[in-house]
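Commentary on secondary and tertiary structure
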Amino acid sequence: MEDKRPLSLKEAPPTRPPRVLIVEDEQALGLLLTYNLESEGYVVERVERGDEAEVHIAEGAFDLVILDWMLPGVSGLEICRRLRARDDTRNLPIIMLTARGEEAERIRGLSVGADDYVVKPFSVPELMARVRSLLRRAKPERIAERLRAGDIDLDRETRRVRRAGRDIHLGPTEFRLLEFLLEKPGRVFSRAQLLDFVWGTAAEIDERTVDVHVGRLRKALVRGRERDPIRTVRGAGYSFDETFGRA
Ligand code: CA
């Protein structure tokens, strides 16, 4: 199915709802947080084990993680340490939850790189406020008006894309596709993930549609012998070439 949403330059830019992963083995608390976050418009996934969390984070392009300290599998503290050691998750906002209120534990949590630390029992509205504030300050690329790579420049405010100074005319889907890929250069997204993030979870669209739109995006971006910034990764999906503009 084609994207039938009208293209208008005056249209407010469709922003992707922030994706939050909850890693919490207490089911009641996990459900409560899921419910509250979803009602504020976040897309939420929840896992109960520490070892599941790592797989999810590697695949899910989350904007924020709420991470319990005591977990089966791998502890929240260890997950946090590992996430901070990886390039693609070094700046991923993390709020740690814990039953331990000792000052020494709090310092330990922050020392492995958690951005914030909430002691159980906590008030849900307070946690929601912290989620909002952390997303605001920790994701500059979400609110950055312009995304740039090499000679490509995308302006979210005016919805204009330029390459080497010339205007690139994109349909709304191609625009969102480029915007999404440009937010995480080098990261490979499967067709299913792109459908999920760019078209929305409710979309029932054939995965080949992604190929069609990537094709259109390339055609619009690349003129003559210019370098193609979109990388096709056989059997995996697509990414914005992180070496684009460097070489
Ligand atoms: Ca726990």
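Given the structure is predicted, the values throughout are model-derived calculations rather than measurements.

The coordination sphere of the calcium ion contains the protein donors Asp25 (OD), Asp68 (OD) and Met70 (O), at a distance range of 2.1 to 2.3 Å. Mapped onto the sequence, the residues coordinating the calcium ion show the spacing D-x42-D-x1-M. Here Asp68 falls in the buried class, since its relative accessible area comes to 3%.

Counting across every chain of the model gives 3 aromatic pairs. An angle of 50 degrees between the planes, with centres 4.7 Å apart, marks the rings of Phe180 and Phe189 as tilted. Classification of Phe180 as buried rests on a relative accessible area of 4%. Cation over ring: Arg19 sits above Phe62, and NZ or CZ is 5.5 Å from the ring centre.

A sheet is described by the order of its strands in space; here 4 strands give the open sequence β6-β7-β8-β9, paired in antiparallel fashion. What marks the edges here is a single partner per strand, and that holds for β6 (146-149) and β9 (166-168). Averaged over all neighbouring strand pairs, the angle between strand axes comes to 25 degrees, with direction disregarded. Alignment of β6 against strand β7 (residues 152-155), held across 4 bridges, turns out to be antiparallel. When the bridges of β7 are listed, Arg146 appears paired with Asp155. Of the strands in this sheet, β6, β7 and β8 (160-163) are in contact with helix α7 (residues 172-183), which crosses β7 at around 110 degrees.

With 29 residues, the main nonpolar core has Val161, Leu177, Leu178, Leu194 and Phe240 as its most contacted residues. Taken together, the elements giving at least two residues each to this core come down to β6, β7, α7, α8 (191-199), α9 (208-221) and β11 (237-240). In terms of residues, this core owes the most to one element, α7, which gives 6 residues. Setting aside residues no more than four positions away along its own chain, Val161 makes contact with Ile152, Asp153, Leu154, Arg166, Asp167, Ile168, Leu170, Phe175, Leu178 and Leu221. One finds Val74, Ile79, Leu83 and Met96 within the second-largest nonpolar core, a separate group that totals 21 residues.

All right, on to the environment of Tyr117 then. Along the chain, Tyr117 falls in strand β5 (residues 116-119). Owing to a relative accessible area of 7%, Tyr117 belongs among the buried residues under this scheme. For the pair Tyr117 and Met96, spaced 21 residues apart in the sequence, the C-alpha separation amounts to 4.8 Å.

Now for the packing of α8 against α9. Taken N-terminus to C-terminus, the directions of α8 and α9 make an angle of 70 degrees; their axes are 9 Å apart at the nearest point. Classified by the angle between their axes, α8 and α9 sit roughly perpendicular to one another. Contacts from Arg191, Leu194, Leu195 and Trp199 in α8 reach Thr209, Val210, Asp211 and His213 in α9. The residue makeup of the contact of α8 with α9, split by class, is 4 nonpolar, 2 polar and 2 charged.

Definitions and limits used
Residues numbered from 1 in each chain as written. Predicted model: local features only at pLDDT ≥ 70, side-chain atom pairs only at ≥ 80, totals over all residues. Heavy atoms only, no water. Donors = N, O, S within 2.8 Å, 3.2 Å for Na, K, Ca; no water. Buried < 20%, exposed > 50% of the residue type's maximum accessible area, 1.4 Å probe, protein only. Phe/Tyr/Trp six-rings, centres within 6.5 Å; stacked < 30°, edge-to-face > 60°. Lys NZ or Arg CZ within 6 Å of the ring centre and 35° of its normal. Pairing = 2+ DSSP bridges. Helix = DSSP H or I, 4+ residues; strand = E, 2+ residues; numbered from the N terminus. Axes fitted to C-alpha atoms, helices over the stretch in contact; angles between N-to-C directions. Contact = heavy atoms within 4.5 Å. Core = buried A, V, L, I, M, F, W, Y, C linked by side-chain atoms within 4.5 Å. Parallel < 35°, antiparallel > 145°, perpendicular 65-115°, else oblique. Nonpolar A, V, L, I, M, F, W, Y, C, P; charged D, E, K, R; others polar.

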